[in-house]
Amino acid sequence: MRVLGIETSCDETGIAVYDDKLGLLSHVLYSQIPLHADYGGVVPELASRDHIRKTIPLIKQALLEANCAAADIDGVAYTAGPGLAGALLVGAAIGRSLAMAWGKPALAVHHMEGHLLAPMLEANPPQFPFLALLVSGGHTQLVAVEGIGRYELLGESIDDAAGEAFDKTAKLMGLDYPGGPLLARLAVQGDSKKYKFPRPMTDRPGLDFSFSGLKTSAANVIAKEGNSAQVQADIAASFQQAVVDTLVIKCERALLQTGYKRLVIAGGVSANTSLRGQLAQLLKRHGGEVFYPRKEFCTDNGAMIALAGYYRLAAGQQQDLTIGVTPRWPMQDLPAV
Ligand code: KG4
Ligand code: ZN
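Reading guide: rules and limits
- Note that residues are indexed from 1 along each chain, following the sequence as it is written.
- Labels are handed out in written order, letters beginning with A for the chains and numbers beginning with 1 for the ligands.
- Reporting in this predicted model follows two pLDDT cut-offs: at least 70 for local features of residues, and 80 or more for side-chain atom pairs to be given and counted; totals over whole chains, interfaces and linings ignore these cut-offs and use all residues.
- With hydrogens and water excluded, all non-hydrogen atoms of the structure serve as input to the side-chain values.
- What makes two strands pair is DSSP finding at least two bridges between them.
- Secondary structure counts use DSSP, requiring at least four H or I residues in a row for a helix and at least two E residues in a row for a strand, with both numbered from the N terminus.
- Throughout, an axis means a line fitted to C-alpha atoms (over the contacting stretch in the case of helices), and angles, computed between N-to-C directions, take values from 0 to 180 degrees.
- Residue contacts are counted whenever heavy atoms from the two residues lie within 4.5 Å of one another.
- Each residue after the first adds 1.5 Å to the expected span of a helix.
- Only protein chains enter the accessibility calculation, which uses a 1.4 Å probe; a residue is then buried when its area is under 20% of its type maximum, exposed when over 50%, and partly exposed in between.
- Proximity criterion: a residue is near a molecule or strand once any of its heavy atoms comes within 4 Å of it.
- Polar contact is the term for a pair of N or O atoms within 3.5 Å; when the atoms are in protein, one must be able to donate a hydrogen and the other to accept it, and sequence-neighboring residues count only if both atoms are side-chain atoms.
- The protein chains shown are the only cover counted for residues, whose accessible areas, like all others here, come from Shrake-Rupley with a 1.4 Å probe.
- Charged residues are taken to be Asp, Glu, Lys and Arg, nonpolar residues to be Ala, Val, Leu, Ile, Met, Phe, Trp, Tyr, Cys and Pro, and polar residues to be all remaining types, Gly included.
- Working rule for angles: under 35 degrees goes down as roughly parallel, over 145 as roughly antiparallel, 65 to 115 as roughly perpendicular, anything else as oblique.
- For any helix crossing, the convention is left-handed if the near helix is rotated counterclockwise from the far helix by under a right angle, and right-handed if that rotation is clockwise.
- The handedness rule is simple: strands pointing away from the viewer, and a clockwise path from the first strand over the helix to the second, make the crossover right-handed.

A separate point is the sheet that holds strand β6 (residues 130-135). Across the sheet, 5 strands lie side by side as β8-β7-β6-β9-β10; this open sheet has mixed pairing. The sheet is open, and its two edges are formed by β8 (150-156) and β10 (289-291), each paired on a single side. The average undirected angle you get between the axes of adjacent strands in this sheet is 25 degrees. Looking at chain direction, strand β7 (residues 140-147) and β8 are connected through 6 bridges and run antiparallel. Of the residues in β8, the one forming a bridge with V145 is Y151. Lying on the sheet, helix α9 (residues 273-285) is in contact with β6, β9 (262-266) and β10; it crosses β9 at an angle near 170 degrees.

Put into structure tokens, the structure is as follows:
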């Protein structure tokens, strides 16, 4: 089975062709980051308009690179939520319409399920069951995963997502949008013990997160010590260590609670080298293993959508003819496969 995947939920247009026998045949990505950089964040209307410009040319390119014609595609998968309504509608309208024109089934994919399944694209995919830490710009969630569509939400952020905390702190330091990867690069030169940042909600039981207070700690340091290159590097390192420690503590709790020995980390922040390294150490201490996608599949991409769509289409699931999106969509509402 060969599936065309379309991702347009936020500020990247990602298209891919996945074949269950041959693997990923092509994947192309267009990032709108330069378009939004001047505004310090994503401008939804500009995002939608840019997806309109890019989606069809990128589908043509992905088909060409996969060396396949429309007739070779057995199904079309598009992100239907969660995300920006207008941006989602572009991918949904194009994906649903192409599937109808080609006489093939269509599938509305949950963006976070795409992230969660992205490590399945790698050479050593995780076996079920596993614990998943989803850390993106919009979500921070711990999920017990027993199979595809068999998700139990164990904990999530009650305010800012981990990626959002990275981006807001980076913005305070004067870094460009999205600041997460830039802050991570600065952290390499900084002293992670220099400033005392809180490890929010680790002093009480439970698996929820709260990251919105961390930026205040950064703002206080800048107000007191200025924003020199060394202060920036030390804030970056101290902030990053606070986020990583918090995530490690909660992952350990969740591993003990579930008894699972496998941890999947996915979503944009799973590209963070320090987080990957420290979670790998945690799993080593527990005699388990950590799994994550290659860096380009940590952030938004079409490959994870094609893959998630494939699993559901192969199980006979498909979308009716409605062009619909679900900007708010709990992952636990998905049907099992
Ligand atoms: O998954 P993603 O591409 O989009 C959403 O679904 O939200 O995640 C984007 C987020 C941004 O907040 C970005 O700053 C963060 O992931 N991010 C990182 C790193 N790379 C991307 N945060 C920390 N360290 C990184 N290396
Ligand atoms: Zn994402």
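Having put the structure on the table, let's press on.
Our focus in this paragraph is helix α10 (residues 303-314). Here α10 spans 16 Å end to end across 12 residues, near enough to the 16 Å set by a 1.5 Å rise per residue. By the criterion of burial, α10 is predominantly enclosed, with 10 of the 12 residues buried. Taken together, the buried positions of α10 are A303, M304, I305, A306, L307, A308, G309, Y310, R312 and L313. Looking at the residues trailing α10, positive phi occurs at G316, about 90 degrees.

In the neighbourhood of ligand 1, 19 residues make up the surrounding shell, with G137, D167, G268, N272 and D300 lying closest. At 2.6 Å from an oxygen atom of ligand 1 is found a side-chain nitrogen or oxygen belonging to D167. Taking G180, its main chain carries an N or O atom lying 3.3 Å from an oxygen atom of ligand 1. Surface burial for ligand 1 is 87%, taken as the share of its 560 Å² of free accessible area covered by protein chains. Secondary structure elements with two or more residues in the shell around ligand 1: α4 (111-117), α5 (162-172) and α6 (180-187). Among the residues forming the shell around ligand 1, the class breakdown is 6 nonpolar, 11 polar and 2 charged.

Moving on, we come to the packing of α5 against helix α8 (residues 229-258). Remark: α5 packs on α8, axes separated minimally by 11 Å, with the N-to-C direction vectors making an angle of 165 degrees. Classified by the angle their axes make, α5 and α8 are roughly antiparallel. Crossing angle aside, the handedness with which α5 passes α8 is right-handed. Between α5 and α8, the contacting residues are A165, F166 and T169 on the first element and F239, Q240 and V243 on the second. Residue composition of the contact of α5 with α8, grouped by class: 4 nonpolar, 2 polar and no charged.

Turning our attention to unusual backbone geometry. Across the chain, the bulk of peptide bonds are trans and the bulk of non-glycine residues have phi less than zero. A cis geometry characterises the amide bond from F128 onward to P129, with omega recorded as -5 degrees. When you line up the elements, P129 lands in the loop between α4 and β6. Going from Y177 to P178, the amide bond is cis rather than trans, its omega being -15 degrees. Summarising the element assignment, P178 is placed in the loop between α5 and α6. Positive phi is not limited to glycine here, since N67 has a value of about 55 degrees. Counting through the fold element by element, N67 comes out in the loop between α2 (44-65) and β4 (75-81). With relative accessibility at 70%, the residue N67 sits in the exposed group.

We now examine the pairing of strand β5 (residues 106-110). The element β5 is largely enclosed, with a buried count of 5 among its 5 residues. Neither face of β5 is left uncovered, since the one carrying A106, A108 and H110 and the one carrying L107 and V109 both have all their residues buried. Pairing between β4 and β5: 5 bridges, direction parallel. Bridge pairing in β5 places T79 opposite V109. Taking the sense of rotation as the criterion, the β-α-β connection linking β4, helix α3 (residues 85-102) and β5 turns out right-handed.

On to the sheet that holds β4. Judged by pairing direction, the sheet is mixed, and its 5 strands sit side by side in the order β3-β2-β1-β4-β5 without closing on themselves. Looking at strand neighbours, the two that pair on one side only are β3 (23-31) and β5, the edges of this open sheet. The average angle at which neighbouring strand axes cross in this sheet is 20 degrees, direction not considered. Two strands pair when backbone bridges link them, and strand β1 (residues 2-7) and strand β2 (residues 12-19) are joined in this way by 6 bridges, in the antiparallel orientation.

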